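Next come the chains, spelled out residue by residue.
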Amino acid sequence: MPDQPNTVPATDPPDAHPTDPPGVTPGELLHRLRQRQPADPVTHVERVPPRVGEPAPWPSWAPAELRAAYARRGVSTPWRHQAEAADLAYDRRHVVVATGTASGKSLAYQLPALATLLADPRATVLYLAPTKALAADQLRAVAALEVEGVRPACYDGDTSRAEREWIRRHSRFVLTNPDMLHHGILPGHAQWSGFLRRLAYVVVDECHVYRGVFGSHVAHVLRRLRRQCARYGRNNGPTFVLASATSGDPATAAGRLTGLPVSAVTEDTSPRAGVTFALWEPPLLPPDPSTDGSGEPGAGPELNQVRRSALRETADLLADTVATGVRTLAFVRSRRGAEVVAASARRSLDEAVPGLGDRVAAYRAGYLREERRELERALLHGDLLGLASTNALELGVDLIGLDAVVICGYPGTRASLWQQAGRAGRSGQEALAVLVARDDPLDTYLVHHPEAVFGAPVEATVLDPANAYVLGPQLACAAAEAPLTAADLKLFGDGAEEAVAALVEVGALRQRPTGWYWRHRERPEVDLRGEGGAPVCVVESATGRLLGTVDGGSAHFLLHPGAVYLHQGVSYVVDALDLDDGCALVHHEEPDWSTHARDVTSLSVVSVRSYVDAGPVGLFLGEVDVTSQVVSYQRRRIATGEVIDTRPLDLPARELRTVAVWFTLSPESLVGAGVEPADVPGALHAAEHAAIGLLPLVATCDRWDIGGLSTAVHPDTEAPTVFVYDGHPGGAGFAERAYGMAASWLRATRDAIAECGCEAGCPSCVQSPKCGNGNSPLSKPDAIRVLDAVLTNLPK
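Residues numbered from 1 in each chain as written. Predicted model: local features only at pLDDT ≥ 70, side-chain atom pairs only at ≥ 80, totals over all residues. Heavy atoms only, no water.

Asker: What should I look at first to understand the overall build of the chain in this one?
Answerer: A count of helical and extended segments in the chain gives 25 helices and 27 strands. Taken over the C-alpha trace, the chain has a radius of gyration of 26 Å; the compact-globule value for 796 residues is 28 Å, and the two agree within 12%. Along the first, second and third principal axes, the C-alpha set of the chain runs to 75 × 75 × 60 Å. Buried positions account for 58% of the 796 residues belonging to the chain. Restricting the contact set of the chain to residue pairs at least 6 apart, pairs at least 24 apart contribute 73%. Carbon and sulfur atoms make up 52% of the accessible area of the chain, which totals about 30,900 Å². Here the chain contributes 75 positively and 95 negatively charged side chains, and the mean placements of these two sets differ by 7 Å. (Helix = DSSP H or I, 4+ residues; strand = E, 2+ residues; numbered from the N terminus. Rg over C-alpha atoms; globule rule 2.2 N^0.38 Å. Buried < 20%, exposed > 50% of the residue type's maximum accessible area, 1.4 Å probe, protein only. Contact = heavy atoms within 4.5 Å. Areas by Shrake-Rupley, 256 points an atom, 1.4 Å probe, with all protein chains shown as cover. Lys, Arg positive; Asp, Glu negative; His and termini not counted. Charge placed at Lys NZ, Arg CZ, Asp CG, Glu CD.)

Shown next as structure tokens:
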């Protein structure tokens, strides 16, 4: 089961494959990997020492039957933090346990929940996981305990209609996800009335995932759940037990998520095997005289070197470790990247030992249920030695016997970094973790500043339930479930009264003496994950076979006509994209190029929330309107990255009202800093790219969660301006964090540019992989001068 907490394994580990060579220590493995490189790519090795566990006696209230069930699974006693969290939960106090990977958080919530189900034959438990894989894993764990009368069951989009009816009637431990709670359970609350009336515990697993817009939506889904429990007679409400990776201020974040006071258990007392953690920077490639380093042919005389692709480096490391017999999980940022890494590793292995490539696969969201389950089974049973995965496997799925983790690019937060690294060594053995730096400012900064990885505290989770673009739609959903009352508005917090008034004004709600009523027959269409609409189905034209899905927000970039789409290592080319019907038609083809969409953006200032007047420099936080459109795509040779051509696209523009942070400089201050007027656009553009790249250092965001724009004279500010904005309607809290940490953020940005070894700018400092202007113009030296001017005047 996930986070197996104690002395002996719950099941015998899978047998080794008959061709597997003897194991090697993490240090020996790292030495071998380094020896295969022409130059040492490792910039730092951190040795995380092993830790001895602190056991505690079973709580006095834990029934003998349950203790025996855990004993059969190899758990003789809990660790101290497990017992402490379980005691708080059994005492009906809301609690979050925020400890490291493989620390046994599962037992901390299973113990009080199952003890209550044994003591009260009518009580029920609801478990929420952010992914189907984690819920399925937890189902296996709870079912393996064989506690009589619990009847655990998963209720999600893969559950058949007949199974759903049985689960509503008979299961007392329902495992689901926030999306199903939002779309299925709460709208059909009358069918769940008995379950909700007797709901004793709500378990929110991996709650650090609920950040930004997604976290803000989930916060209101939990408030809607509490409201329905109260309507069906659960007056005191269920007890919330939350599990989180190590994070900054987990009690505050959990309280914001649930709307309740939450106690935190943060001292990890479980034993931990040692981890050898290496920071790995791919080597520089020889300069190509036909390009300027950005991939644009003949763009100028400067010969800028670029680094070997992190995807290629990760694929080679995955192949090398699998060839050594080491079970390895490679985390890759994107779905396409996971497919590319798996396909490349398979090719390399088959060239060395025909058939060995069959022991490597890709795993990502968008696969059909049967494919996901088969991959999970193959990895658990040792049929697969290597897996390239998106963060779908970052969370608490128990992957027995993994020896190494390769992380392709910084995952955006230190919490996610340690969560991914913790996937290795989950059976108690020593483990190797390798962070492979992408060619971008943040990754380059981190591999040369290990103190920012290993010496800094884990970030706090950022979410904003008061976001009007989240609160309004969620109140509409609540009203569609049952009329809203004045008491309900207190439950939903700040801004609820204004949001209800706005819904009445636009005709969505009708106010009556007894409350506010939803006026329409259809339910509100609300996407919890803020991904830009319903998923787009990918269908093979020749056969009509459904290959997978892509979220609506990514379809413009990944499924535009002409795009190369990868599924399980097989390439398809998109023939047509129908956004209205949510369908992309593709045909099988194996081109020797990849595709990269490019967009253009315009921005206008709506209002200013806060500002700092620093003389010639101004720092602002406010609302902005952003209009963006994917206008073209590049085809690039897979082998060399060479740009073949750029082809136009005709896709609709998309509009976004969001929150931005921006700074302005007076023209005189730029001249004083040594930036000539003709160089101002390139200086600001380069500073903008680097600032976007470094923002995840201070906020729990991903580079792809945010956007930016720079201009020598913006019509709304009438000054040279750099904007960085949240890529979600109404904002996600990232811009506010950047505004509050501006000096630290921009100092790290300036240092990352200055310390980069290139002469005129490269992907490691000022070039952006998503720039709609082809990374032109850019001026690295002038970007440093711009940031120096800002930092000189900005208050510390």
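Alright, that's what it looks like, and here's the rest.
Asker: I keep staring at the pattern of salt bridges and nothing clicks. Help me out?
Answerer: Here the idea is simple: oppositely charged side chains can pair when their charged atoms come close. Per the stated rule, a full pass over the model turns up 25 salt bridges. When the shortest N-O distance is used, the salt bridge between arginine 36 and aspartate 320 registers 3.3 Å. Residue arginine 36 is found in the loop between α1 (26–35) and β1 (42–48), and its partner aspartate 320 is found in helix α11 (residues 310–323); the two are separated by 284 residues along the sequence. With relative accessibility at 43%, the residue arginine 36 sits in the partly exposed group. A salt bridge links aspartate 782 to arginine 785, with the shortest nitrogen-to-oxygen separation between them at 2.6 Å. Of the two residues, aspartate 782 and arginine 785 both sit in helix α25 (residues 780–793), three residues apart, roughly one turn of that helix. On the basis of relative accessibility, which here comes to 33%, the residue arginine 785 falls in the partly exposed class. Taken together, the shared-partner salt bridges in this structure form one network comprising Glu54, Arg80 and Glu267. (Salt bridge = Lys/Arg side-chain N within 4 Å of Asp/Glu carboxyl O.)

Asker: When you look at the nonpolar core in this model, what are you seeing that I'm missing?
Answerer: If you look at soluble globular proteins, the nonpolar side chains tend to sit buried side by side. Membership of the largest hydrophobic core comes to 85 residues, with the highest contact counts inside it found for Phe277, Phe663, Leu665, Leu695, Trp745 and Leu746. Ranked by residues supplied to this core, first place goes to helix α22 (residues 680–694) with nine residues. Once you skip the residues sitting within four places of it in the chain, leucine 695 turns out to touch Cys701, Ile706, Val724, Ala738 and Trp745. (Core = buried A, V, L, I, M, F, W, Y, C linked by side-chain atoms within 4.5 Å.)

Asker: Mind showing me how you'd approach the confidence of the model for the chain here?
Answerer: Residue-level pLDDT values for the chain average 87, and 91% of them are 70 or greater. Ignoring residues within four places in sequence, the model shows residues 1–22, a span with pLDDT below 50, making 56 contacts including any to other chains. Below a pLDDT of 50 lies the segment residues 290–303, which in the model reaches 27 contacts outside its immediate sequence neighbourhood of four places, other chains included. (pLDDT = per-residue confidence, 0-100.)

Asker: Explain the sheet that holds strand β13 (residues 404–408) here, please?
Answerer: Think of a sheet as strands paired side by side through backbone hydrogen bonds, with each pair either parallel or antiparallel. Judged by pairing direction, the sheet is mixed, and its seven strands sit side by side in the order β1-β9-β14-β13-β10-β12-β11 without closing on themselves. The open sheet has two edge strands with one neighbour each: β1 and β11 (360–363). Adjacent strand axes in the sheet meet at a mean angle of 15 degrees, parallel and antiparallel pairs treated alike. Relative to strand β14 (residues 431–436), β13 runs parallel, the two sharing five bridges. Residue isoleucine 407 lies in a different strand from β14, and its bridge partner there is leucine 435. (Pairing = 2+ DSSP bridges. Axes fitted to C-alpha atoms, helices over the stretch in contact; angles between N-to-C directions.)

Asker: Help me understand the packing of aromatic side chains, please; the structure alone is not making it clear to me.
Answerer: Aromatic ring pairs are defined here through the distance separating the ring centres and the angle between the ring planes. With the rule as written, the count across this model stands at twelve aromatic pairs. Ring centres 4.0 Å apart and planes at 5 degrees place the aromatic pair tryptophan 61 and tyrosine 90 in the stacked group. Here tryptophan 61 is found in the loop between β1 and α2 (64–72), whereas its partner tyrosine 90 is found in helix α3 (residues 80–90), with 29 residues between them in sequence. Relative accessible area serves as the criterion here: at 18%, tryptophan 61 is assigned to the buried category. Given the relative accessible area of 28%, tyrosine 90 is considered partly exposed. (Phe/Tyr/Trp six-rings, centres within 6.5 Å; stacked < 30°, edge-to-face > 60°.)

Asker: Just to check I follow, could you spell out the environment of proline 49 for this structure?
Answerer: Tracing the sequence through the fold places proline 49 in the loop between β1 and α2. Among the residues examined, proline 49 registers a relative accessible area of 46% and is labelled partly exposed. Remark: the alpha-carbon pair of proline 49 and leucine 199, spanning 150 residues in sequence, is separated by 42 Å. Apart from the residues lying within four places of it in its own chain, the contact partners of proline 49 are Arg272 and Gly274.

Asker: What should I look at first to understand the pairing of strand β25 (residues 654–665) in this one?
Answerer: For a regular strand, side chains alternate in direction, first toward one face of the sheet and then toward the other. Among the twelve residues of β25, nine are classified as buried, and the element is accordingly described as predominantly covered. Where strand β23 (residues 617–637) meets β25, twelve bridges bridge the pair, whose relative direction is antiparallel. Bridging from a neighbouring strand, valine 624 pairs with threonine 658 of β25. In the sheet, β25 pairs with strand β27 (residues 721–726) via five bridges, with the strands oriented antiparallel. Looking at β27, one finds that valine 661 is bridged to valine 724.

Asker: Help me understand the sheet that holds strand β21 (residues 583–588) in this model?
Answerer: Strand order in this open sheet of five strands is β18-β17-β21-β20-β19, and the pairing throughout is mixed. Where the open sheet ends on each side, the last strands, each with one partner, are β18 (546–550) and β19 (564–567). Within the sheet, the average angular offset between the axes of one strand and its neighbour, ignoring direction, is 35 degrees. One ladder, built from six bridges, connects strand β20 (residues 570–578) with β21; its direction is antiparallel. Considered in β21, the bridge of tyrosine 572 is made with histidine 588.

Asker: I'm lost on helix α5 (residues 132–144) in this one. Help?
Answerer: An α-helical turn contains 3.6 residues, so any two residues separated by three or four positions project in the same direction. Spanning 13 residues, α5 covers 18 Å between terminal C-alpha atoms, matching the ideal 18 Å at 1.5 Å per step. Considered for burial, the residues of α5 that qualify are Ala133, Leu134, Ala135, Ala136, Asp137, Gln138, Ala141 and Val142. By the N-cap criterion, in which a side-chain oxygen at the helix start approaches the backbone nitrogen of a residue two or three places on, α5 is capped by threonine 131, the distance to leucine 134 being 3.2 Å. Trailing α5 by a residue or two, glutamate 146 shows a phi angle of about 55 degrees, which is positive. (Expected span 1.5 Å × (residues − 1). Polar contact = N/O pair within 3.5 Å; in protein donor to acceptor, adjacent residues only side chain to side chain.)

Asker: What is the right way to read the environment of leucine 579 from this model?
Answerer: With respect to the helices and strands, the residue leucine 579 is situated in the loop between β20 and β21. Taking the C-alpha atoms as reference points, leucine 579 and leucine 559, separated by 20 residues in sequence, lie 10.0 Å from one another. Excluding residues that lie within four positions of it along the chain, leucine 579 makes contacts with Ala555, His556 and Pro652.

Asker: Honestly, the packing of α2 against helix α4 (residues 105–119) in this entry has me stumped. Any pointers?
Answerer: Two measures define how a pair of helices packs: the angle their axes make with one another and the distance between the axes. For the pair α2 and α4, the least separation of the axes is 10 Å and the interaxial angle reads 140 degrees. Classified by the angle between their axes, α2 and α4 sit oblique to one another. Seen from above, α2 lies across α4 with right-handed handedness. On the side of α2, the interface is formed by Glu65, Leu66 and Tyr70, while α4 contributes Leu107, Gln110, Leu111, Leu114, Ala115 and Leu118. (Parallel < 35°, antiparallel > 145°, perpendicular 65-115°, else oblique. Left-handed = near helix turned anticlockwise from the far one by under 90°.)

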